[in-house]
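Breakdown of the fold
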Amino acid sequence: MEKSNIKIIGGKYRGKKLFMGNKGTTRSTKNILKESVFNTLQWEVPDSNWVEVFSGVGSIGLEAVSRGANKAYFLEKDPEAAKVLKRNIDSLKVEDASKCSIILGDSFETIWDVIEELKRNKQKAFFYFDPPFAIREGFEDIYDKVQTLIKQLPKINVEKIIIEHQSNYDFPETLGNYKKIKTKKFGKSAVTYYE
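Report on the accompanying structure. No experiment lies behind these values; they were computed from the predicted model shown.

Attention now moves to unusual backbone geometry. Peptide bonds are mostly trans, and most non-glycine residues show a negative phi. One non-glycine residue, Asp-47, lies in the positive phi region at around 65 degrees. You can call Asp-47 exposed: its relative accessible area is 65%. In this model, Lys-122 sits at a positive phi of 50 degrees, which is unusual for a non-glycine residue. You can see Lys-122 is positioned in the loop between α5 (107-120) and β4 (125-129).

This brings us to the nonpolar core. Among the nonpolar cores identified, the biggest contains 27 residues, and Phe-127, Phe-129, Leu-153 and Ile-161 are the most heavily contacted of them. Listing elements by their share of this core, those giving two or more residues are β1 (49-53), β2 (71-76), α5, β4, α6 (142-152) and β5 (158-166). Among residues more than four places away in sequence, those in contact with Phe-129 are Val-53, Phe-54, Ile-111, Val-146, Leu-149, Ile-150, Leu-153, Ile-161, Ile-162, Ile-163 and Glu-164. One finds Ile-8, Tyr-13, Leu-62 and Leu-85 within the second-largest nonpolar core, a separate group that totals 16 residues.

In this section: the pattern of salt bridges. Pairs may arise between side chains of opposite charge once their charged atoms sit close together. According to the stated counting rule, one finds ten salt bridges in the structure shown. Note that Glu-173 is salt-bridged to Lys-180, the shortest N-O span being 3.8 Å. Residue class for Lys-180 comes out buried when judged on its relative accessible area of 15%. Through salt bridges with shared partners, one network takes in Lys-12, Glu-95, Asp-96 and Lys-99.

The next thing to look at is the pairing of strand β8 (residues 189-194). When you tally the buried positions in β8, you get six out of six residues, the bulk of the element. Across the two faces of β8 the burial is the same, with Ser-189, Val-191 and Tyr-193 and Ala-190, Thr-192 and Tyr-194 all buried. Taken together, the six bridges between β5 and β8 define a ladder with antiparallel strand orientation. Its bridge partner lying in β8, Glu-164 is registered against Val-191. Relative to β8, strand β7 (residues 178-186) is paired through six bridges, and the arrangement is antiparallel. Among the inter-strand pairings, Lys-184 is bridged to a residue of β8, identified as Val-191.

About the cut-offs
- Residues numbered from 1 in each chain as written.
- Predicted model: local features only at pLDDT ≥ 70, side-chain atom pairs only at ≥ 80, totals over all residues.
- Heavy atoms only, no water.
- Buried < 20%, exposed > 50% of the residue type's maximum accessible area, 1.4 Å probe, protein only.
- Helix = DSSP H or I, 4+ residues; strand = E, 2+ residues; numbered from the N terminus.
- Core = buried A, V, L, I, M, F, W, Y, C linked by side-chain atoms within 4.5 Å.
- Contact = heavy atoms within 4.5 Å.
- Salt bridge = Lys/Arg side-chain N within 4 Å of Asp/Glu carboxyl O.
- Pairing = 2+ DSSP bridges.

Here's what the structure looks like:
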């Protein structure tokens, strides 16, 4: 079985190792970066909703559930990554696994299904974007596409937007209705917050 160095770092499932699957299609969020995100948002996580866009093995959404989030949506295009994600979800207690929804398909399209559900339930969510790094072939314009998408997200359904990205890339001060709060860098990766 593949070895995993990625684990849940806080909450009910603290220390639980996550399956990683094929490193070729997914890139795990560094523990130091993840810890920083959840330290920043710790008081806001209980009873919140999370949308992990380009979710891979789901380390952000599962971290949120471990810390008391109400619901996590995982948007993933790659069927193999989704299988590994399902294993990670199935390894949780049933009541927590039932808080997780995997939505298979292109994140730029499936996100609207989640928005519709949030609208129906009159809910907001944290949107966590971890797009494939722009240095990967075929993803050179990924940050432009993510920005266009964020500008279209309805304010009524957004708690905060968090983007994990290459640290040499600067996102603009505003994206539509959303204003940049801060960026923190961790080596080659960075995380930028909007609200």
